[in-house]
Amino acid sequence: MTRLSPRLGPLTARERWRRIRLQAYSWLLTGAYRLGALHPVIWRFVARTYHPALDRVAARHALVACKFAAVDVPAYRDFLRENATVGARRLADFPETTKQNYAAVYDEASRCQEGRLHRPGVIVDESSGSSGKPYNWVRGPRELKGIYRNAAGYIELVFPGKRLFVINAYSMGAWATGTTTGAAMARIAMVKNTGPDLDKIVDTLEHFGPGYDYVVCAYPPFLKHLRDRLDQGGFPWAEYRISGQVGGEGMTEALRDYLEERFEEVRSGYGASDLTIGMGAESGFTVWLRKRLATDQALRDKLLGPGEQRLPMIFHYNPLETFLEINSDGELLCTINTKSALQPKLRYNVGDEAQLHTLPEVKRLLGADYAKAWTDERMNLPLLFMFGRKDSTISYMGANLYPQDVEYGLYEGNPYARDIARFCLSLEELPGLEYRPVINLELREGAEPDREALAEICRKGVVAHLARVSRDFAESLKEDPTTADLRVKVFDPAQGPFAGLTKMKNTYLV
């Protein structure tokens, strides 16, 4: 698709007056939100006293954000013209933006306010697309300060301690999660940015000793690696206070239970490089609710819909800053409300399937049982029920595995390529609560290859290709060699996950 570089160009007198009014209104609301996050104590008060009536204010601000971008952001002006939606009045009238129809079409500068990118203090984060092509996401200093304040307020609320010491084990470099987490945590705690290096973390814990309230920030699989490594070395867990904060991918309750045999508590956050960091976060209540949904089908039917078998992650989110909607396909749309966003995100669809519920609505469904779920956090923010990506990707160690990349690895230079009919991806829980991506292969009719040799060649081919085309995967592989432990299973025709599937269209994720 052709990349465009539209410029703002001259505005009419009416557009200039509209821009002034919308800018003033947006800054007024943004300023009010900022006051609510100036200090973690104020942030906690806002999180605990949020009222559903504020949803209307948030929706109004999301509409203002779209209207303002229509006169202030060159790419968005052009995007609206291309979609014949110039002059839209309702939020629902503005078209969805995606990585494919917006971020991949317009350059970074034209997607910024006033079409101006280069400013002191701008931070560039990076993520990889389905073909390994890097996508750059820019954030200005005001926007980053807001992200830091929110992250700091949440950590102090969920992991209270007088001597906080954060060990940042997220991958470092141009990844948003690692660098942003380190900067945010430095506002409220001692921080050591170790990256996912087990030896460094063990050395840090032993060197500084048990006199701190440790919080280890990491991807869920890595936190398990750390627990197992410390257990192997006879680490004196009882002398330490260590909690875990995870993100980047979903986590099962079985893994949480396993981790909390050692860690005091483990909480997860939700965000996306495309949008912002820390859009949603768990509390003790959301963890309790998720565990309840796992065993109470009646409640799951009422809350998620009849017959729903999936168990979503559950997060609190603040509509005043990230206004969320669900489209007709059940996908999450996000509008970043704050005027501080250098590159406005407007009804952006990252491809996650989700549901939204207010906290009073959930309380009514729980009835008297809600009292059992009372926790010290007492967050009163609405709830995001996150099922995960709807685009046939698997998130693993911070990297997205895409079917098209797996296909390249399976067929490039593979002497057994002719024996493969099709493939699909899945996740497998190993006996030690480890999770690994699985590449399931269906053999062609009459094919009789050496199955072990086929599986090994395919595994090596996929790992090699992912390391070449996905910067995220390559970085994970360098920092944690176990990332290469992809599983390959070979099935006869129409067996295993391929049973009952038609030949007309492949299903790439099971």
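Above this text is the structure in question.
Not measured: the values here are computed from a predicted model.

(A) Geometry of the packing of helix α12 (residues 297–304) against helix α13 (residues 359–366). Running from N to C, α12 and α13 point in directions that differ by 150 degrees, and their axes come no closer than 11 Å. One way to sum up the angle between α12 and α13 is to call them roughly antiparallel. Of the two possible hands of crossing, α12 and α13 adopt the one that is right-handed. In contact with Leu299, Lys302 and Leu303 of α12, α13 contributes Val362, Leu365 and Leu366.

(B) Seen up close, helix α15 (residues 451–469). Along its 19 residues, α15 runs 27 Å from first to last C-alpha, staying within 8% of the 27 Å computed at 1.5 Å per residue. Turning to α15, the residues buried within the fold contact β15 (399–401), α14 (403–411), β16 (420–429), β17 (435–443), α16 (471–479) and β18 (487–491). Where α15 begins, the capping side chain belongs to Asp450, and its oxygen is found 3.2 Å from the backbone nitrogen of Glu452.

(C) Main features of the pattern of salt bridges. What the rule picks out here adds up to 29 salt bridges. One salt bridge connects Glu442 with Arg422, and the closest N-O pair in it is separated by 2.7 Å. Highlighted residues: Glu442 in strand β17 and Arg422 in strand β16, separated in sequence by 20 residues. With respect to burial, Glu442 and Arg422 carry one shared label: buried. Two residues, Glu475 and Lys478, come together in a salt bridge whose shortest N-O distance is 3.6 Å. Remark: Lys478 and Glu475 occur in helix α16; sequence separation between them is 3 residues, near one turn of the helix. Three or more residues joined by partner-sharing salt bridges are found here, namely Glu253, Arg256, Asp257, Glu282, Arg290 and Lys291.

(D) Up close: the nonpolar core. If you look at the biggest cluster of nonpolar residues, it comprises 45 residues, and the most contacted ones within it are Tyr76, Phe94, Tyr102 and Ile155. Of all the elements in the fold, those that place two or more residues in this core are α2 (40–49), α3 (54–72), α4 (74–82), α6 (141–158), β3 (164–168), α7 (176–185) and β5 (213–218). Excluding its chain neighbours within four sequence positions, the residues that come into contact with Phe94 are Leu63, Cys66, Lys67, Tyr76, Leu80, Ala88 and Arg347. With 28 residues, the next largest nonpolar core counts Ala169, Leu205, Val216 and Leu226 among its residues.

(E) Broad picture of the pairing of strand β9 (residues 313–317). Most of β9 sits inside the fold, with 5 of its 5 residues counted as buried. Of the two faces of β9, the one holding Met313, Phe315 and Tyr317 and the one holding Ile314 and His316 are both buried throughout. Sheet topology note: the strand β8 (residues 276–281)/β9 ladder contains 2 bridges and is antiparallel. Considered in β9, the bridge of Gly280 is made with Tyr317. In terms of strand pairing, β9 meets strand β13 (residues 383–389) through 4 bridges, oriented antiparallel. Within the sheet, the bridge partner assigned to Phe315 lies in β13 and is Leu384.

(F) How the structure looks around the sheet that holds β16. Here 3 strands make up an open sheet; going across it, the order is β16-β17-β18 and the pairing mixed. Where the open sheet ends on each side, the last strands, each with one partner, are β16 and β18. On average, each strand axis in the sheet is tilted by 25 degrees relative to the strand beside it, whichever way the strands run. Examined bridge by bridge, β17 and β18 share 5 bridges and lie parallel to one another. The residue bridging Asn440 from the neighbouring strand is Lys489, located in β18. α14 rests against β16 and β17 of the sheet, and its axis sits at about 120 degrees to β16.

(G) Layout of the sheet that holds strand β4 (residues 190–192). If you walk across this open sheet you meet the 11 strands as β4-β3-β5-β6-β7-β8-β9-β13-β12-β11-β10, and the pairing is mixed. In this open sheet, the two strands that pair with only one neighbour each are β4 and β10 (322–326). Averaged over all pairs of adjacent strands, the angle between their axes in this sheet comes to 40 degrees, without regard to strand direction. Pairing of β10 with strand β11 (residues 331–336), which is carried by 5 bridges, proceeds in the antiparallel orientation.

(H) Looking closely at the pairing of β8. Both strand β7 (residues 266–272) and β8 contribute to a ladder of 3 bridges, which runs antiparallel. Its bridge partner lying in β8, Tyr270 is registered against Gly280. Where β7 folds back on β8, the antiparallel hairpin that results is connected by 3 residues.

(I) Layout of the packing of α15 against α16. It is at 5 Å that the axes of α15 and α16 come closest, and there the two elements cross at 115 degrees. In terms of orientation, α15 and α16 fall into the roughly perpendicular class. The interaxial crossing formed by α15 with α16 has left-handed handedness. Across from Val463, Leu466, Ala467 and Val469 in α15, the residues of α16 making contact are Arg471, Phe473, Ala474 and Leu477. Looking at the contact of α15 with α16 residue by residue, the classes come out as 7 nonpolar, no polar and 1 charged.

(J) Quick peek at the environment of Asn83. Here Asn83 shows up in the loop between α4 and α5 (99–103). Note: C-alpha distance between Asn83 and Phe94 (11 residues apart in sequence) is 9.1 Å. Within polar-contact distance, the side chain of Asn83 engages the backbone oxygen of Phe79 at 2.8 Å.

Calculation rules
- Residues numbered from 1 in each chain as written.
- Predicted model: local features only at pLDDT ≥ 70, side-chain atom pairs only at ≥ 80, totals over all residues.
- Heavy atoms only, no water.
- Axes fitted to C-alpha atoms, helices over the stretch in contact; angles between N-to-C directions.
- Helix = DSSP H or I, 4+ residues; strand = E, 2+ residues; numbered from the N terminus.
- Parallel < 35°, antiparallel > 145°, perpendicular 65-115°, else oblique.
- Left-handed = near helix turned anticlockwise from the far one by under 90°.
- Contact = heavy atoms within 4.5 Å.
- Expected span 1.5 Å × (residues − 1).
- Polar contact = N/O pair within 3.5 Å; in protein donor to acceptor, adjacent residues only side chain to side chain.
- Salt bridge = Lys/Arg side-chain N within 4 Å of Asp/Glu carboxyl O.
- Buried < 20%, exposed > 50% of the residue type's maximum accessible area, 1.4 Å probe, protein only.
- Core = buried A, V, L, I, M, F, W, Y, C linked by side-chain atoms within 4.5 Å.
- Pairing = 2+ DSSP bridges.
- Nonpolar A, V, L, I, M, F, W, Y, C, P; charged D, E, K, R; others polar.

Just distances and angles here, no functional claims.
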